[in-house]
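# Coordinates in review
In case you want the letters, here they are:
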Amino acid sequence: MKLRGLYAITDSQLLAGRFLSHVEAALEGGVCLLQYRDKSDDAARRLREAEGLMKLCERYGTQLLINDDAEVAARLGVGVHLGQTDGPLTPARALLGRQAIIGSTCHASLDLAAQAASEGASYVAFGRFFNSVTKPGAPAANVQLLEQARAQVKLPIAVIGGITLDNAAPLVAHGADLLAVIHGLFGADSAQEVTRRARAFNALFAS
Ligand SMILES: Cc1ncc(COP(=O)(O)OP(=O)(O)O)c(N)n1
Ligand SMILES: Cc1nc(C(=O)O)sc1CCOP(=O)(O)O
Ligand SMILES: [Mg+2]
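Residues numbered from 1 in each chain as written. Chains lettered and ligands numbered in written order. Predicted model: local features only at pLDDT ≥ 70, side-chain atom pairs only at ≥ 80, totals over all residues. Heavy atoms only, no water.

Turning to the pattern of salt bridges, a few remarks are in order. Close approach of charged atoms lets side chains of opposite charge pair. Using the criterion set out here, one finds 10 salt bridges in the structure. Between D38 and R45 there is a salt bridge; the shortest N-O distance is 3.0 Å. Here R45 falls in the partly exposed class, since its relative accessible area comes to 22%. The salt bridge involving R45 is made with E49; its shortest N-O contact spans 3.4 Å. Placement of both R45 and E49 in helix α2 (residues 43–60) is noted, with a separation of 4 residues, approximately one turn of the helix. The exposure class assigned to E49 is buried, which follows from its relative accessible area of 19%. Within this structure, D38, D42, R45 and E49 form a network of salt bridges that share partners. (Salt bridge = Lys/Arg side-chain N within 4 Å of Asp/Glu carboxyl O. Buried < 20%, exposed > 50% of the residue type's maximum accessible area, 1.4 Å probe, protein only. Helix = DSSP H or I, 4+ residues; strand = E, 2+ residues; numbered from the N terminus.)

Our next topic: the environment of L95. Relative to the helices and strands, L95 is located in helix α4 (residues 89–96). A sequence separation of 24 residues divides L95 from E71, and the C-alpha atoms of the two residues are 8.2 Å apart. The residues touching L95, leaving out its near neighbours within four places in the chain, are A70, E71 and A74. (Contact = heavy atoms within 4.5 Å.)

Structure representation (structure tokens):
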């Protein structure tokens, strides 16, 4: 499966009261990967919501990933995104199997990306590229790093952090395969606007 296009990431606070409707609106517009990201410690709610997303993703043919938690991903038979403090990649790959999509946060480090590749990651993620409402303190990355990564890294490259329709095009031009977006997608006031934004993000990959 080709990993290229919009990578939508949920945010439980931002989507409160409109969780499934906004996610479905995004899927309607086209989503390559969907990540379920919930930083609360309510494990039961997390599992319930992830199961709901899995059903929705099956309807739209979208791949689901769970943020942080390889055990939940294994339970549901979906992928996982792991940051540098979320546990090692090699056991996650062993747990989830060869086909699973496993992503790795590499901040602005080509060394971390090389390590992730050698440990079985499916894609590497660099960021934060812009000011992020969701995660303002994330380490910064820039387009020069992205260019270097494109030349050196053989895996698909995800970019993240403050990405909107106004600033995403140069990232695609410099080699990003996946635009990972929370606020710039789900911050929309209506489901129709979420769908419009999803289509517009994907259109950046058309040429
Ligand atoms: C696609 C993608 N890239 C980076 C991250 C950040 O992961 P992490 O550093 O583990 O931070 P949290 O998301 O867990 O706060 C991501 N989730 N997705
Ligand atoms: C979860 C996350 N990780 C980042 C990183 O740089 O690793 S930036 C970020 C937040 C992404 O949300 P938004 O699109 O609203 O900025
Ligand atoms: Mg994490």
